[in-house]
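# Survey of secondary and tertiary structure
These are the residues of each chain, in order.
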Amino acid sequence: MLRLFDFFAHAKSESVWMAHFCTGCCSLEMAAAMGPRYDWERYGYLPTPTPRQADVLIITGLVTKKILPALLRTYAQMPEPKYVLALGACAFDGGPYNDSLAVIKNPTEILPADAFVAGCPPRPEAIVAGLEEIKKKMKSGEPSAASQGGLWKEMEF
Amino acid sequence: METLFNIVVFPGMFYVLAWTVLLFWFFRKFMAALHKRVGPSFNGPAGSYQTLFDLSKLLTKESITPDGVNPYLFSIMPLLAVIVATLPTAFIPWTPDVYVIPTQYGVLALVVLIGIEPFLLFLTGFGSNNKYSFLGGIRILTQMISMETAFFLAALSPALLFGTMSLGEIVEQSSWLSFLILFPGFILYFIALLGLLEQPPFNIPDAEQEIVYGFYTEYSGTNYFLLKLAEFAEFMAVFAGAATLFLGAYKGIFFDGYIFFFLKMLLIAIVMMTIRASTPRITMKQMLNFSWSYLVPLSLLNMAWVLMAKHFILGVGL
Amino acid sequence: MQDLRKALSAHEILSVEVYKTMWLKVRIDSHDLLAVAQTLKDEGFIAISTVSPTDFLEEDRMEMNYFFENYTTKRNCWLKCDIPRDIEACEIDSITPMFPGANWHEREAYSMFGVRFRGHPDLRPIIVSQDFYDKTPFRKDFDWDAHEANTVENIQQIVDAFKEEQEINEEHLDASSSEMILNWGPTHPASGPIRLKVHCDGEDIISIDPDIGFVWRALEHLVTKKDFVGAIVAVERLCFMDNINSMVGYCQAVEEIADVEITEFAKWMRVLLGEVSRISSHAMGMGGFYNAMGLHTVGMWNMDIREYFLDFLESYSGARIATAAIEPGGVRYGLQMNMLDELQKALDKFDATKDDIKTIFVNNPTMKVRAAKKGIITAKEVESFALCGVVARSSGVKIDVRIDEPYAAYAQVKMDYVVQKEGSAKDRLSTLFGELEQSIDIIKQAKRHIEAEIENGNFNPTKDHMVKVPKKLPKGEAISRVEWSRGEVLMHLVTDDKAKSPYRLKMKAPSFNHTMMLNKMLQGETLSDIPLIFGSLYICQGDLDR
């Protein structure tokens, strides 16, 4: 019984599907990561059309105020266990849009991310590396950061 | 004992599961090659464990039942879909020995069981309480009505030629000559198959870019796994139907065996994938127009051709 | 130009001057706007590029700039007039009834500056989120910090507005029919960050109301907080798919105000880099067109080609996409000859794949069945809605800023308009591919020229790339147009005396006009046509929202 359980945990960590949601420019490099040269499907990543079948939500770069409710709604629609990957400088501190007030500078305080990928935009290899981080987190059985806290729990969306 | 083996292993549950995992992997790998990519690669030899992991994962994920849906309709339909999609395997002569239900009405059973499937999928869309799912459900119903007519007519042409509804006898009697006579029927069957299995250019019911994911939109976890299983079992039933009706099933070049059956199904899958990689989607109206103005009349003509060939080439009286 | 001057002399003109040979800069009184606009329309200036208010806080006036274009004679007219700055009196006549292309531009001016347009058919805020309604965020005296202080309440406001809208949606619908309102996006596989409110009856579309602004970063305000060099970071993020050409547009405006002439070598480098960037954008555009029809192969193949061109950009600037390679005064880095080898690899890659793509995808019979009759834009609509770039040329309208008002070294490049006749979705794909080939040709010309001139010793690739541009610019105003991959980008830059940063930068981006067309094009079509037409219009949400 123990072995069987292990198998399912391993399967879960090796099969990471992404919700198709783009909030900013980094989705361009995400497309490149799907493309022939970097091909993230080699590692078992697959974009899904609906959040209902996704394991990971990727915050692709900047999050404006207007798109934040949609982002949180997408996250809420995903089945447990679910993880969040934050791409780029914008998702960390607003990046080049730090001075712009239409952009939320700390989206990961609202929806905590399990892994960050640096860059503006991050290179495709870096995105794959970030997803590998999430895999590691899944393997170690740690609960996702967003389930531990974050402003999103108090917000209505 | 043999019945148990048939139900559990071949051509029953285990076989369908193994087929699902392998075909899913093959689809992804083949598609990747056409995309100039690699496809699943690091899990197991050539990434062959990947789909096993994917499907196992779905089993352990949370299965969401959204607010406002009828939970019974929502959760029972995927299960029913799997059962109905798996049933045709019992009627197909996989090898000379494995032929679970050697009925006189094999063709009929195959056609009816394949024909019910889209209706169940329509109900999944109907029960999802989502506008996109509902649109997907309506689309699949429309597509079913128009494509299945041609499908049935094409599938009946071997029965007409050999004068029997038994799949076993059709396979027994098939030859190179009968293949040539049935070739137009095979082409029509193949086109109708694309419509029935929602493959490009007829992937209208689950058109991602238009209606998100059609009737799949609200499904997650185990329910989604069941629907995927049903989809691939359906692939198998339809491919196996094509192989049995037109290509002589397990008959091989030097010896007979399951391997030839498998290769024939694979061939159909490869052609289907190549079309998938090079053909964009058409619209509902164009599909309806194509189906009723070309496909159905041609299938009727094909039946006439089969009857003529039977009379003039094989020399059998009408 | 003389004809126009003559025609305009019937009105009371405050000042008139010829600007950059192609433009006539006219200042009028705001009460004469409608009459002058009518004259312009009669003279063939049917397209209105954009409406750009500039807020002069100290002089207590709001200056309205209208950029009219004549697509036949390629002459343009820049109309200026002053209106009171006070929010109560900040009013002007709307030209939308006369020029339908001004519709969204006036709405934008209304939401950003609070300019009210008398007689506008549909004056609702656009782009800005609900918390900025009636707040005029781009006015100089808007207190951003105070607004930011209560972010959580602002977000709540957006959420409430959305929920309220969903409830109202259902109320107005005919309960006995199959009418519904679909939210097509932003969580949709094909939409990107845009929401189309699709009012449909089953599969048939009744009307579409695009809700934009999901990636509104207030770039035009952001640049005013940066210095002239730092501003390129904001400008290039107009849309990452083709960032070089937008930087070229901005830098030309800065150079014009600073009165700096860049070197011949830098001009050619701008052509070279710009075309590389155009290719990387067009490659994705073709992919996007086919992705909209559920076929990802061409996207993947083009992505493969694109990687090689990004390799060149990377070897040149160190970044694949965010290159920041164009700077006021020239190009940022010198050129080493091994970088051109990288480019040659990319060109070879394209030549090797081009025929396959052409036979399988550009001439795809199923695609023709699907797209040949869909999304037709007539040449007349192109003019009245001021469409540009690929979309305009597909309808047979011969406009291309690279030829009409050559910038950088385009005057020495041999090129012609890539046009199609009918303006259907299929024609737009053909134009895209045609321009891809054209860009390859231009790159080859530029590469040959640069190599030859370096050989001759006329160019010094490591020293010639930059000339010095002063950090502080004089008071001035400039516009510059470039042919961006999606069409004409018009940059209107205003500087203050001894300015370290731009006072006002208006970026007119083509997707804004193209999105305006969606409702018109999709009425009466079916749901299946939304992704096709949306994809064929080659819209990038980045430059749609700015």
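Residues numbered from 1 in each chain as written. Chains lettered and ligands numbered in written order. Predicted model: local features only at pLDDT ≥ 70, side-chain atom pairs only at ≥ 80, totals over all residues.

### A closer look at the overall build of chain A
Threshold: Under the scheme used here, helices are H or I runs from DSSP no shorter than 4 residues and strands are E runs no shorter than 2 residues, and both carry numbers assigned from the N terminus. Throughout, radius of gyration means the C-alpha value; the globule benchmark is 2.2 Å times the number of residues raised to the power 0.38. As a rule, residues whose C-beta atom has 12 or fewer other C-beta atoms within 10 Å are exposed, those with 20 or more are buried, and those in between are partly exposed; C-beta atoms are placed from the backbone. Here contacts are defined at the residue level, using C-beta atoms placed from the backbone and a cut-off of 7 Å between them.
Counting its regular elements, chain A contains seven helices and five strands. Reading chain A from its N end, one meets helices and strands in the order α-β-α-β-β-α-β-α-α-β-α-α. Against the 2.2 N^0.38 benchmark of 15 Å for 157 residues, chain A shows a C-alpha radius of gyration of 15 Å, consistent with a compact globule. In terms of its C-alpha atoms, chain A occupies a principal-axis envelope of roughly 55 × 40 × 25 Å. Buried positions account for 62% of the 157 residues belonging to chain A. Counting contacts in chain A only where the partners sit at least 6 residues apart, residues at least 24 apart contribute 82% of the total.

### Some details on the overall build of chain C
Per the secondary structure count, chain C includes 20 helices and 15 strands. Its C-alpha atoms give chain C principal-axis dimensions of about 70 × 55 × 50 Å. Evaluated residue by residue, chain C yields a buried proportion of 56% over its 546 residues. For chain C, contacts bridging at least 24 residues in sequence account for 67% of all contacts bridging at least 6.

### Some thoughts on the nonpolar core
If you look at soluble globular proteins, the nonpolar side chains tend to sit buried side by side. Operational definition: To define a nonpolar core, we join buried Ala, Val, Leu, Ile, Met, Phe, Trp, Tyr and Cys residues through C-beta atoms within 7 Å and take the resulting set. Boundaries between domains were set according to an automatic or database domain assignment.
Membership of the largest hydrophobic core comes to 333 residues, with the highest contact counts inside it found for Leu71(A), Leu85(A), Ala81(B), Ala192(B) and Ala242(B). In terms of residues, this core owes the most to one element, helix α10 (residues 221-246) of chain B, which gives 18 residues. Residue contributions to this core reach at least three from each of two domains, namely domain 1 (2-141) and domain 2 (219-545) of chain C. Those residues in contact with Leu85(A) that sit more than four places away from it in its chain are Val56(A), Ile58(A), Ala113(A), Asp114(A), Ala115(A), Val117(A), Gly130(A), Leu131(A) and Ile134(A).

### Side note on the pairing of strand β2 (residues 23-28) of chain C
All names here are of chain C. Selection criterion: At least two DSSP bridges between two strands are required for those strands to pair.
Across six bridges, strand β1 (residues 13-19) lies against β2 in antiparallel orientation. By the bridge assignment, Glu17 is partnered in β2 with Lys25. Where β1 folds back on β2, the antiparallel hairpin that results is connected by three residues, among which Lys20 adopts a positive phi of roughly 50°. Where β2 meets strand β5 (residues 76-84), five bridges bridge the pair, whose relative direction is parallel. The residue of β5 that forms the bridge with Leu24 is Cys77.

### Here's the deal with the sheet that holds strand β13 (residues 476-484) of chain C
Residue and element names in this part refer to chain C. Counted only if it meets this: Lines fitted to C-alpha atoms define the axes here, with helix axes fitted over just the stretch in contact, and angles between the N-to-C directions of these axes take values from 0 to 180 degrees.
Pairing in this open sheet of three strands is antiparallel, and the strands run β13-β14-β15 from one edge to the other. If you trace the sheet from one side to the other, it starts and ends with β13 and β15 (504-508), each paired once. Ignoring which end each strand starts from, the neighbouring axes of this sheet average 10° apart. Here five bridges tie strand β14 (residues 487-495) to β15, and the two strands are oriented antiparallel to one another. Bridge assignment links Leu490 to a residue of β15, and that residue is Lys508. Against the sheet, helix α8 (residues 244-258) contacts β13 and β14, and its axis sits at roughly 155° relative to β13.

### Concerning unusual backbone geometry
For residues that are not glycine, phi is negative in most cases, and the peptide bond is trans in most cases. The omega torsion across Glu80(A) and Pro81(A) is -10°, close enough to zero to call that bond cis. Within the secondary structure, Pro81(A) sits in the loop between α3 (68-77) and β4 (83-87). The step from Cys120(A) to Pro121(A) runs through a cis peptide bond, and the omega angle for that step is -15°. Topologically, Pro121(A) is positioned in the loop between β5 (115-117) and α6 (124-139). Phi angles above zero are rare outside glycine, and Val212(B) is one such case at about 60°. The phi dihedral of Thr136(C) is positive, around 50°, even though this residue is not glycine. On the secondary structure map, Thr136(C) appears in the loop between β7 (116-118) and α4 (144-149).

### Concerning the interface of chain B and chain C
Put simply, an interface is often sized by how much accessible area is lost when its parts join up. We count it as follows: Residue classes follow a fixed rule: Ala, Val, Leu, Ile, Met, Phe, Trp, Tyr, Cys and Pro count as nonpolar, while Asp, Glu, Lys and Arg count as charged, and any other residue, Gly among them, counts as polar.
Each partner contributes to the interface: chain B provides 23 residues, whereas chain C provides 28 residues. Residue assignment for the side of chain B that touches chain C shows that the elements contributing at least two residues are α9 (208-211), α11 (258-278) and α12 (284-312) of chain B. When grouped by side-chain class, the residues that make up the side of chain B that touches chain C number 10 nonpolar, seven polar and six charged.

### Focus on the interface of chain C and chain A
Taken together, the contacts link 38 residues of chain C with 36 residues of chain A. If you list the elements that add at least two residues to the side of chain C that touches chain A, you get α4, α5 (151-171), α6 (219-222), α7 (231-236) and α10 (297-317) of chain C. Of the residues forming the side of chain C that touches chain A, the biggest block, six residues, is contributed by α5(C). A breakdown of the residues in the side of chain C that touches chain A according to their chemical character gives 21 nonpolar, nine polar and eight charged.

### Remarks on the packing of helix α6 (residues 131-162) of chain B against helix α8 (residues 176-196) of chain B
All names here are of chain B. What counts here: Should an angle fall under 35 degrees it is taken as roughly parallel, and over 145 as roughly antiparallel, whereas 65 to 115 is taken as roughly perpendicular and any remaining angle as oblique. With the far helix as reference, a near helix turned anticlockwise by less than a right angle produces a left-handed crossing, and one turned clockwise produces a right-handed crossing.
At a minimum axis separation of 8 Å, α6 and α8 run at an interaxial angle of 160°. Between α6 and α8, the crossing angle belongs to the class labelled roughly antiparallel. When the axes of α6 and α8 are compared, the crossing they make is left-handed. Within the contact between the two elements, α6 uses Gln143, Met147, Glu148, Ala150, Phe151, Ala154, Ala155, Ser157, Pro158 and Leu161 and α8 uses Ser178, Ile181, Leu182, Gly185, Leu188, Tyr189, Ala192, Gly195 and Leu196.

### Quick word on the domain arrangement of chain C
Residue and element names in this part refer to chain C. Parsing chain C into structural domains produces domain 1 (2-141) and domain 2 (219-545). Taken together, the contact pairs 20 residues of domain 1 with 21 residues of domain 2. Among the elements that make up the side of domain 1 that touches domain 2, the one with the highest residue count is strand β3 (residues 47-56) (six residues). In terms of residue class, the side of domain 1 that touches domain 2 is made up of 11 nonpolar, seven polar and two charged.

### Regarding the pairing of strand β4 (residues 61-69) of chain C
Residue and element names in this part refer to chain C. Of all nine residues in β4, eight are buried; the element is thus mostly enclosed. Bridge analysis of β3 against β4 gives nine bridges, and the strand direction is antiparallel. Following the sheet pairing, Pro53 is matched in β4 by Met64. Adjacent in sequence and paired antiparallel, β3 and β4 are bridged by four residues, among which Asp60 carries a positive phi angle near 55°. As paired elements, β4 and β5 share nine bridges and run antiparallel to each other. Along β5, the bridge assignment pairs Glu63 with Asp82. Count of turn residues in the β4/β5 antiparallel hairpin: six residues, of which Lys74 carries a positive phi of about 65°.

### Concerning the sheet that holds strand β9 (residues 195-201) of chain C
All names here are of chain C. Read from one edge to the other, the open sheet built from three strands follows the order β8-β9-β10, with strand pairing classed as antiparallel. Strand pairing shows two members of the sheet lacking a second neighbour, β8 (179-184) and β10 (204-211), which therefore form its edges. Across this sheet, the average inter-strand angle for adjacent strands is 20°, counted without regard to direction.

### Re α6(B)
Residues and elements named next belong to chain B. So the rule is basically this: What a helix should span is 1.5 Å times the count of its residues minus one. The term bend refers to the angle at a residue between two fitted axes, each drawn through seven residues, those ending there and those starting there.
The end-to-end C-alpha separation of α6 is 47 Å, in line with the 46 Å expected for 32 residues at 1.5 Å each. Of all the bends found along α6, the most pronounced is centred on Met147 and spans about 35°. Counted residue by residue, α6 has 25 buried out of 32 residues, so it is predominantly covered. Phi turns positive one or two residues past the end of α6, at Gly163, with a value near 70°.

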